[in-house]
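If you want the building blocks of each chain, they are given just below.
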Amino acid sequence: MSRPLGFLTDYGPGTEHVGALHAVAATIAPGSDRVDLAHDVPPGDVRWGSILVERLVRLMPRQSVTTCVVDPGVGTGRRAVALELEWGKVVVGPDNGLLAPAVAMVGGATRAVSLTDTSHHLDAPGPLFDGRDVFAPVAARLCAGVPLEDLGEPVDPAGLMPGLMPGAREEPDGTIVAEVLWVDRFGNVQLNLGPDDLPPGTESVELRLGGSRYTARRVRAFSEVTPGGLGLAVDSYGMLAVVADRSSAAEELRAAAGDEVVVSVLGDVGDPAVTTAVQIGRAPAPASAGDPTSRGENF
Amino acid sequence: MSRPLGFLTDYGPGTEHVGALHAVAATIAPGSDRVDLAHDVPPGDVRWGSILVERLVRLMPRQSVTTCVVDPGVGTGRRAVALELEWGKVVVGPDNGLLAPAVAMVGGATRAVSLTDTSHHLDAPGPLFDGRDVFAPVAARLCAGVPLEDLGEPVDPAGLMPGLMPGAREEPDGTIVAEVLWVDRFGNVQLNLGPDDLPPGTESVELRLGGSRYTARRVRAFSEVTPGGLGLAVDSYGMLAVVADRSSAAEELRAAAGDEVVVSVLGDVGDPAVTTAVQIGRAPAPASAGDPTSRGENF
Amino acid sequence: MSRPLGFLTDYGPGTEHVGALHAVAATIAPGSDRVDLAHDVPPGDVRWGSILVERLVRLMPRQSVTTCVVDPGVGTGRRAVALELEWGKVVVGPDNGLLAPAVAMVGGATRAVSLTDTSHHLDAPGPLFDGRDVFAPVAARLCAGVPLEDLGEPVDPAGLMPGLMPGAREEPDGTIVAEVLWVDRFGNVQLNLGPDDLPPGTESVELRLGGSRYTARRVRAFSEVTPGGLGLAVDSYGMLAVVADRSSAAEELRAAAGDEVVVSVLGDVGDPAVTTAVQIGRAPAPASAGDPTSRGENF
């Protein structure tokens, strides 16, 4: 049985570009279980793509291969690579930082090759669609049984392009300067902060964003948010997110990915003048730093 | 061979949320035929989601399992359930009315369980993604052969949350007060009226909507609509829809889902002053009422 | 093993309409490898759909069947057909020009049938969803082993509706009047011109569009475009496209599909006054003309 094959791109849902990857893979690796992981990464947004690669490859089956394409540098000299991670999972894509957080999360790649053997690629009518012509064919050939080392020259995993995951930082006045990682379809505003970055027992925070101040209460569910108010919840990936109940927190905050958010812990709900100094206990590690603890196994 | 597995959500097409469901299912139930039924339900719109569940589960193969997630109450005490319907089809989702029309259409669930056995769930880093952590794992385990009764405590199907399907009503003056169920991508305006709700031989109706009046002629195809005019067609689900030819009826009417539409049968096309009293012959049954006639088999 | 089954529609990504096709096919042809080729064709845009059918069916496996639905004439008398092309590939869809470029590219259909045997269709509650009721069931039955000739009456492939592919033309003053075929998600503006339509060694062109003039330099990659400038690249299908680096060329040009673009070769970069006469060497053939050279095999 052939290996499962994931796809994660910025091509847009339901576009011909996604369809081309699937058609190529269905031809080269018939019977392989193809999984669309995400195709709505904003065009060229390598940072956001890299966060999704880390989140979703973790959920893929052992021995799976995932094609990752967010590749504004296509057609230039940037390397194309295939990296073997824990549990035999392989990620294939451009060496532009896109794959770095997935690699770092499992403590590094066990093997890496540069995709220099063009006999595994398709003949391309133009140089701008490596997804169809390089990444999908190579990934499908891995699924069909071609060994990793046949795809090209081995490279040192330590020389791969590092990622761009932003870390939050603590200011001398005790506030945290965080960043909006993403706004999802429901208007939830995901921050680059985990619940352990706030003092135990924190019930409410002040958020400063775009010149305005907001108060958000810790909640466990959307329905716990006061009507018209904002909540601070642990989201589905274990990070803190600003949320609202059946409305968009992002619209209320006028927040977008990449925005700076200054967070202060409130000593007393509703009294924004009294704040408590905090300690960032577990800022997200830079993606290139690596984490020796395995977090790759999920089932 | 494992059971086919459908997905119907408000997560948005091509999003990481949809990808997470697929990755989890590919891991738990390898080789299962996964079917994306719809992912463009407006965020949190349980009513519209419930209409789609009924329409699409009907088309799924016998013995299939469908994961349904439109779940604004995630993280609260609302129940998570799996319901067995006709032909061995199972639907899995929140007990918030989302599954009710599908259940009612086939005259009730034959078995129902509350998903209380957490050994079938994933360890969740946060409480807000039951699709990934509860519904998809449970559905995939059903596909892989786990019996329904192993998933948790049996519940009485009669105690499930009823649905919210709006019914049209007849007014004393003979007009029908209907509702826009949905506007599709082509701008067709689907009403909660069937063709049998109008008197036989009706050729034209007046529509009152948002303070304006419009005339629509009965047509069988988009191309039969007069240029610049409106048609009233039997749509692909057997309901009446206001349509235009290669343009958007919804834009012409400025109509959106949930809008009230007052329908009068015209005695003479083009003369909006002469109307005929009507009798609602077959208003859509309330979703919780049940329908003993099987309509679940399609092939 | 059943034949692979592709889908290409204007139904919109992640919609219930796409889901219905999949559910029907999963029921009729269990185990068939279903491939979503594209669902973001603008509603009713047969011309653009036909370009995608040609591009993507070429990438599908031998013996595959592809369901193509861009069908503004649904419910009228337009024919529904299944056409056998090279390598045993079959396309199924309306006979409205949608399938013509795919047929022309391989020099004509080897067999064609009109889908007149309704025993292979589903009972339809309304006449407006032939994708679910006619095209998907028929395609799935082909995948499950039903022979082409069982689907209906044979028709003469020469009598199929021709396509609408626009050709570029050369003006007496040596300029080329081209057309925008499409604007993709990245803002690349694809023209109906190939690189051989410009004189060898062309380094720069002037584009006239909507009353404005622009200069674009030949580039091989997005990153070679001067900041704020425009490039002319060979795109992923071997055609010329106007591109920018990490921004949208379409926004800069205010260009949309179908716009006329007058192209002049510049003798000297940056000097728009000096132009060189050109010869259109390889204008795209009209889709109905046919091309005896096989271009259907890709691997």
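Before reading on, note that the structure itself is shown above.
Just so you know, these numbers come straight off a predicted model, no measurement behind them. (Residues numbered from 1 in each chain as written. Chains lettered and ligands numbered in written order. Predicted model: local features only at pLDDT ≥ 70, side-chain atom pairs only at ≥ 80, totals over all residues. Heavy atoms only, no water.)

Trainee: Quick rundown of the overall build of chain A? Include the residues and the values.
Mentor: Looking only at helices and strands, chain A features five helices and 15 strands. Counting every position in chain A, which comprises 299 residues, the buried fraction comes to 59%. Of the contacts made within chain A by residues no fewer than 6 positions apart, 69% connect residues no fewer than 24 positions apart. Carbon and sulfur atoms provide 50% of the accessible area of chain A, an area that totals close to 11100 Å². (Helix = DSSP H or I, 4+ residues; strand = E, 2+ residues; numbered from the N terminus. Buried < 20%, exposed > 50% of the residue type's maximum accessible area, 1.4 Å probe, protein only. Contact = heavy atoms within 4.5 Å. Areas by Shrake-Rupley, 256 points an atom, 1.4 Å probe, with all protein chains shown as cover.)

Trainee: Could you give me a rundown of the sheet that holds strand β4 (residues 80–84) of chain A, with the residues and numbers involved?
Mentor: Residue and element names in this part refer to chain A. Taken in spatial order, the six strands of this open sheet run β2-β1-β3-β5-β4-β6, and their pairing is mixed. Because the sheet does not close on itself, it has two edges, and the strands there are β2 (34–38) and β6 (111–114). Pairs of neighbouring strands in the sheet enclose a mean axial angle of 20 degrees, with direction left out of account. By the bridge criterion, four bridges tie strand β1 (residues 5–9) to β2 in an arrangement that is parallel. Bridge pairing in β2 links Leu5 to Arg34. Here helix α1 (residues 16–28) sits on the sheet in contact with β1 and β2, set at roughly 160 degrees to β1. (Pairing = 2+ DSSP bridges. Axes fitted to C-alpha atoms, helices over the stretch in contact; angles between N-to-C directions.)

Trainee: Would you mind going over the interface of chain B and chain A in detail, with residue names and values included?
Mentor: Facing the 36 residues of chain B at the interface are 33 residues of chain A. Both sides together, the interface formed by chain B and chain A hides about 2700 Å², and carbon and sulfur atoms give 62% of it. A per-residue breakdown of the area chain B buries against chain A is headed by Glu16, Thr27 and Leu128 of chain B, which together make up 23% of the total. Where chain B touches chain A, the interface holds two salt bridges. In this structure, the salt-bridge partner of Glu16 of chain B is Arg55 of chain A, at a minimum N-O distance of 3.1 Å. Connecting chain B to chain A are ten residue pairs in polar contact (both at pLDDT 80 or more). With ten residues, the single largest contributor to the side of chain B that touches chain A is helix α1 (residues 16–28) of chain B. (Buried area = accessible area lost by both parts, 1.4 Å probe. Salt bridge = Lys/Arg side-chain N within 4 Å of Asp/Glu carboxyl O. Polar contact = N/O pair within 3.5 Å; in protein donor to acceptor, adjacent residues only side chain to side chain.)

Trainee: An account of the pattern of salt bridges is requested, with residue identities and associated values reported.
Mentor: Per the counting criterion, the structure on display carries 39 salt bridges over all chains. Each member of the salt-bridge network shares a partner with another, and the members are Asp71, Arg78 and Asp130 of chain A.

Trainee: Could you give me a rundown of the relation of the copies chain B and chain A, with the residues and numbers involved?
Mentor: Rotating chain B by 120 degrees and moving it 0.0 Å along the rotation axis overlays it on chain A with an RMSD of 0.0 Å. Within this description, the copies of the chain are treated as partners about a three-fold rotation axis. Among all residues of chain B, the minimum C-alpha distance to the rotation axis is found for Pro13 of chain B, at 3.5 Å. When the interface residues of chain B are mapped onto chain A, a mere 11% of them again lie at the interface, so each copy presents a different face. (Least-squares fit on C-alpha atoms with pLDDT ≥ 70 in both.)

Trainee: Explain the packing of aromatic side chains residue by residue, including any values.
Mentor: Per the stated rule, a full pass over the model turns up nine aromatic pairs over all chains. Measuring from ring centre to ring centre gives 6.5 Å for Tyr237 of chain B and Phe129 of chain C, while their planes differ by 65 degrees; the resulting arrangement is edge-to-face. Of this pair, Tyr237 of chain B sits in the loop between β12 (230–234) and β13 (240–243) while Phe129 of chain C is found in the loop between β6 (111–114) and α4 (130–143), placing the two residues in two different chains. For Tyr237 of chain B, a relative accessible area of 16% corresponds to the buried category. Ring centres of Trp48 of chain C and Trp182 of chain C lie 4.3 Å apart, and the angle between their planes is 15 degrees; this geometry places the pair in the stacked category. Separated by 134 residues along the polypeptide, Trp48 of chain C in helix α2 (residues 46–57) and Trp182 of chain C in strand β8 (residues 176–183) bring together distant segments of the chain. Note on accessibility: Trp48 of chain C and Trp182 of chain C belong to one class, buried. Members of the aromatic cluster, joined through ring pairs, are Tyr11 and Phe129 of chain A together with Tyr237 of chain C. The ring centre of Tyr237 of chain C lies 4.9 Å from the NZ or CZ of Arg132 of chain A, which sits over that ring. (Phe/Tyr/Trp six-rings, centres within 6.5 Å; stacked < 30°, edge-to-face > 60°. Lys NZ or Arg CZ within 6 Å of the ring centre and 35° of its normal.)

Trainee: Tell me about the interface of chain A and chain C, and please be specific about residues and values.
Mentor: Frequently, the measure chosen for interface size is the accessible area removed from exposure when the parts meet. Contacts between the two partners involve 35 residues from chain A, matched on the other side by 32 residues from chain C. Across the interface of chain A and chain C, roughly 2700 Å² is buried in total on both sides, 62% from carbon and sulfur atoms. Along the contact surface separating chain A from chain C lie two salt bridges. Seen at the junction of chain A and chain C, the total is ten residue pairs in polar contact (both at pLDDT 80 or more). For the side of chain A that touches chain C, a count of residues per class yields 17 nonpolar, 13 polar and five charged. (Nonpolar A, V, L, I, M, F, W, Y, C, P; charged D, E, K, R; others polar.)

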